[in-house]
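# Coordinate inspection notes
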Amino acid sequence: MRRTEHAERAEAMNAPQATRRGTRRGRGRQTRDFRATTSALEGLSLAGASVAVHVTDLDRGDVVLAGDDHLPLPIGGLGVVPLLIETAARIEAGTLDPHALAEREAGTVAPTGVWRSMAAPTLPIVDLAVLAAAAGDAAATNALLEQVGHENVTRRIVDLGMPRSALLDGFRCERGPDDAPYIAREFAELFASLAAGTAVGPAVSERVVGWLSPVTDAGLVAAAVGGDPFSHEPDGHGLVHFAKTGRERGVRADAGVLAGRRGAFAYALIVAFDDLSLLHRHRVHQAFHALGGDLLEYAT
């Protein structure tokens, strides 16, 4: 039986970089200028927004787009990725029972997610990971963090090579200037390691990628892909996209990997802006759409 296109692509993503170079067709040395993205981000910067972006070509190992990627910006939702990696590492090591039940914190209204609307007051660890990854569920994330341990996640962040990023605590209804910093470059590199199977190891990387697939937040970079955010079936175009987004008032973030037959990229884009009107928000979202469009052009 012929292997599915999805299986072939997943195998290629986990192959050594030199091997994956040999699977590409058509683009050769074509310049990747990301003109639409650059124009959109320059417009946001001129309007007073803080922008941090980093894009790496996974086949060549080159940084193809970078701007203030060292700038620390607070964005809570993106910080769940190191927590997922620590969770997967403990499950693979046998020190965390994936089916152990965790309780939802009583008396606290979570700012995001669906668990707060569900009847079940307890869920298995693996279900919490799915809710945290796919739905950005605050209650699930906080319960997962309670099970795994904040200190363990902090150590994992350092081990992952993210010395300037931090996870201060779980989701809160109100956030302020003391919130954890997130560095675009470090998150792009983190997703590159997930794609390469080197985030702790192949089994851990595969588990986390599974939790982050498909991308259910189709409003940012994923808007350009036009896929079904709830389908786990191959899209028929040889495209792989896994990512995590973050949304707060005045902040949008998206980090992930987008790979096709002609190219593969790890990216991170964080924008902090004055959310004064829907038009301001729309312009920010357009910048993410531009990045998605540029990535799609060079990947497919």
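Here the structure is a predicted model, which is why all the values come from computation and not from measurement.

## As for the overall build of the chain
- In terms of helices and strands, the chain carries 10 helices and 9 strands.
- Of all 300 residues assigned to the chain, the portion counted as buried reaches 49%.
- A separation threshold of at least 6 residues defines the contact pool for the chain, and within that pool the share at least 24 residues apart is 65%.
- For the chain, the computed accessible surface area is about 13,800 Å², with 53% contributed by carbon and sulfur atoms.

## A look at helix 4 (residues 80-93)
- Its 14 residues place the ends of helix 4 20 Å apart at the C-alpha level, agreeing with the 20 Å of an ideal helix rising 1.5 Å per residue.
- In terms of burial, helix 4 is a largely internal element, 11 of the 14 residues being buried.
- The set of residues buried in helix 4 consists of Val-80, Val-81, Pro-82, Leu-83, Leu-84, Ile-85, Glu-86, Thr-87, Ala-88, Ala-89 and Ile-91.
- Contacts made by the buried residues of helix 4 are with helix 5 (125-135), helix 6 (138-148), helix 7 (150-159), helix 8 (184-196), helix 9 (202-211) and strand 7 (240-248).
- Note on helix 4: the residue one or two positions beyond its end, Gly-94, has a positive phi of about 85°.

## Describing the pairing of strand 1 (residues 50-57)
- Among the 8 residues that make up strand 1, 7 are buried, leaving the element largely enclosed by the rest of the structure.
- Sheet topology places strand 1 next to strand 9 (residues 264-272); 8 bridges connect them, and they run antiparallel. Looking at strand 9, one finds that Val-55 is bridged to Tyr-267.
- Sheet topology note: the strand 1/strand 2 (residues 62-67) ladder contains 5 bridges and is antiparallel. When the bridges of strand 2 are listed, Val-53 appears paired with Gly-67.

## A look at the packing of aromatic side chains
- Scanning all chains against the criterion turns up 3 aromatic pairs.
- Feature note: the residues Phe-34, Phe-265 and Tyr-298 constitute an aromatic cluster, connected by ring pairs.

## Digging into helix 5
- Looking only at helix 5, the buried set comprises Ile-125, Val-126, Leu-128, Ala-129, Leu-131, Ala-132 and Ala-133.
- Tucked inside the fold, the buried residues of helix 5 contact helix 4, strand 4 (101-103), strand 5 (122-124), helix 6, helix 9 and strand 7.
- At the C-terminal side of helix 5, Gly-136 shows a positive phi close to 55°.

## Quick notes on the nonpolar core
- Membership of the largest hydrophobic core comes to 58 residues, with the highest contact counts inside it found for Leu-84, Leu-128, Leu-194, Val-208 and Phe-242.
- When near neighbours in sequence (up to four residues on either side) are disregarded, Leu-128 contacts Ala-102, Trp-115, Leu-123, Ala-140, Ala-143 and Leu-144.
- Core analysis: the next-biggest nonpolar cluster, separate from the first, contains 27 residues, Leu-220, Ala-243, Leu-258 and Phe-273 among them.

## Let's talk about the environment of Ala-255
- In this fold, Ala-255 is placed in strand 8 (residues 251-259).
- A residue is classified by how much of its surface remains accessible, and Ala-255, at 0% relative accessible area, is buried.
- In this structure, the C-alpha to C-alpha distance between Ala-255 and Val-53, residues 202 residues apart in sequence, is 9.5 Å.
- For Ala-255, the residues in contact, after removing those within four places along its chain, are Leu-78, Phe-187, Phe-191, Ala-243, Lys-244, Tyr-267 and Ala-268.

What counts and how
- Residues numbered from 1 in each chain as written.
- Predicted model: local features only at pLDDT ≥ 70, side-chain atom pairs only at ≥ 80, totals over all residues.
- Heavy atoms only, no water.
- Helix = DSSP H or I, 4+ residues; strand = E, 2+ residues; numbered from the N terminus.
- Buried < 20%, exposed > 50% of the residue type's maximum accessible area, 1.4 Å probe, protein only.
- Contact = heavy atoms within 4.5 Å.
- Areas by Shrake-Rupley, 256 points an atom, 1.4 Å probe, with all protein chains shown as cover.
- Expected span 1.5 Å × (residues − 1).
- Pairing = 2+ DSSP bridges.
- Phe/Tyr/Trp six-rings, centres within 6.5 Å; stacked < 30°, edge-to-face > 60°.
- Core = buried A, V, L, I, M, F, W, Y, C linked by side-chain atoms within 4.5 Å.

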